[in-house]
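Topology and contacts: notes
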Amino acid sequence: MTREGPDIERAFHLESFRDHLGFERGLSPRTIDAYLREARRFAAFAASEGVEGPAGVTYGLLRDHVARLAGAGRAASTVARSVYALRGYFRFLVVEDAIESDPSERLEAPRAGRPLPDVLSVPEIEALIGAADPESRTARRDEAMLEILYGCGLRVSELVALKGRDLDLDEALVRVRGKGGKERFVPVGAAARSAVRRYLRTTRPALDRGRSAGHIFLNARGLPLSRMGVWKILRRHVERAGILKHVTPHTLRHSFATHLLEGGADLASVQEMLGHADISTTEIYTHVDRSHLRQVHRSHHPRG
């Protein structure tokens, strides 16, 4: 049975936390109310998950709570304030010996005010990928490159680093080396697999002059494609597709994540595919509109 009201206040030491904020830290009533509001919101969520007190709180539970806040459409700055308040709450619990260790130590706040690139709609993505010049001898390379960028959500640096041994089309997986040398495996969809197979069968052998070092995507001189080369190819496709938005390689990564979330994917899976070390970074992509979130909830939740 879920705890309510006074039971939660006692179980989660919220009255003691309020006294700490006022008497020991000397915070203003407004700030105290803000801290308490976030602590109460989390305590109610924890209780709804069957956690009876702060000793049962894990980093994963905190991470899920922050993901829910972001998924509810709150601004990154608002979610960040919630994270800061929770960190203060758990530091207090450690000092008071209510818990042995702080589960909020690794909890990261989303960065507020970071500009996000435009998101392309699915029709715009289709137009972009289909905008290759049919007379160009690199048309199939360009198509495969864009399919992988969007279909796997890769950073441009990850794309140009791909080698033949990283791609397993039979298993529909690509091994990606991300930031800090961390590796992850990302699924490769049917459209991307088909485009890559066509490129590998036809265009790449004609481009390869023995200087590829095993890289998948090559330029006209047979060398590994550079990041600037990717930008130039993308810019040509944007112009040919008649897209007026500001489009960068990261726009395709952003669109990948957004379209997954709009389709009902869970945040943790998107986090893994993007290679984010912490889910709070992935929360940047949870700007799908609230009406869509309500529809996803109605469709997928047993009590929706």
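Look a little higher up for the structure.
Position numbers for residues start from 1 in each chain and track the written sequence from start to end. With pLDDT at 70 or above as the cut-off, local features in this predicted model cover only qualifying residues; side-chain atom pairs require 80 or more to be listed or tallied, and sums for whole chains, interfaces and linings still use all residues. The side-chain numbers reported here are obtained from all heavy atoms of the structure, hydrogens and water having been left aside.

**Considering the pairing of strand S3 (residues 183-187)**
Rules: The buried label goes to any residue with under 20% of its type's maximum accessible area, the exposed label to any with over 50%, and the partly exposed label to all in between, with areas taken from a 1.4 Å probe on protein chains only. In this description a helix means any DSSP run of H or I spanning at least four residues, a strand means any run of E spanning at least two, and both kinds are numbered starting from the N terminus. Only when DSSP finds a minimum of two bridges between them are two strands counted as paired.
Burial of S3 is one-sided: the residues Arg184 and Val186 facing one way are buried, the residues Glu183, Phe185 and Pro187 facing the other way are not. In the sheet, strand S2 (residues 173-177) pairs with S3 via five bridges, with the strands oriented antiparallel. By the bridge assignment for S3, Val176 is matched with Arg184. Taking the residues that link successive antiparallel strands as the turn, the S2-S3 hairpin has five residues, and the phi of Gly180 there is positive, at about 70°.

**Quick look at the packing of aromatic side chains**
Here is the rule: Only the six-membered ring of Trp is used, alongside the rings of Phe and Tyr, when aromatic pairs are assigned; centres must lie within 6.5 Å, and planes under 30 degrees apart are stacked while those over 60 apart are edge-to-face, with the rest tilted.
Going through the model one piece at a time under the given rule, you end up with seven aromatic pairs. Seen from their ring centres, Phe17 and Tyr35 are 6.5 Å apart, and the 50° between their planes marks the pair as tilted. Residue Phe17 is located in helix H2 (residues 14-24), and its partner Tyr35 is located in helix H3 (residues 29-48); the two are separated by 18 residues in the primary sequence. Between Phe17 and Phe92, the ring centres sit 5.4 Å apart and the planes meet at 45°, which makes this aromatic pair tilted. In this pair, Phe17 sits in helix H2 while Phe92 sits in helix H5 (residues 76-95), placing the two residues 75 residues apart along the sequence. Of the two residues, Phe17 and Phe92, neither departs from the other in class, the shared state being buried. Cluster of aromatic residues (ring-pair linked, three or more members): Phe17, Tyr35, Phe42, Phe45, Tyr89, Phe90 and Phe92.

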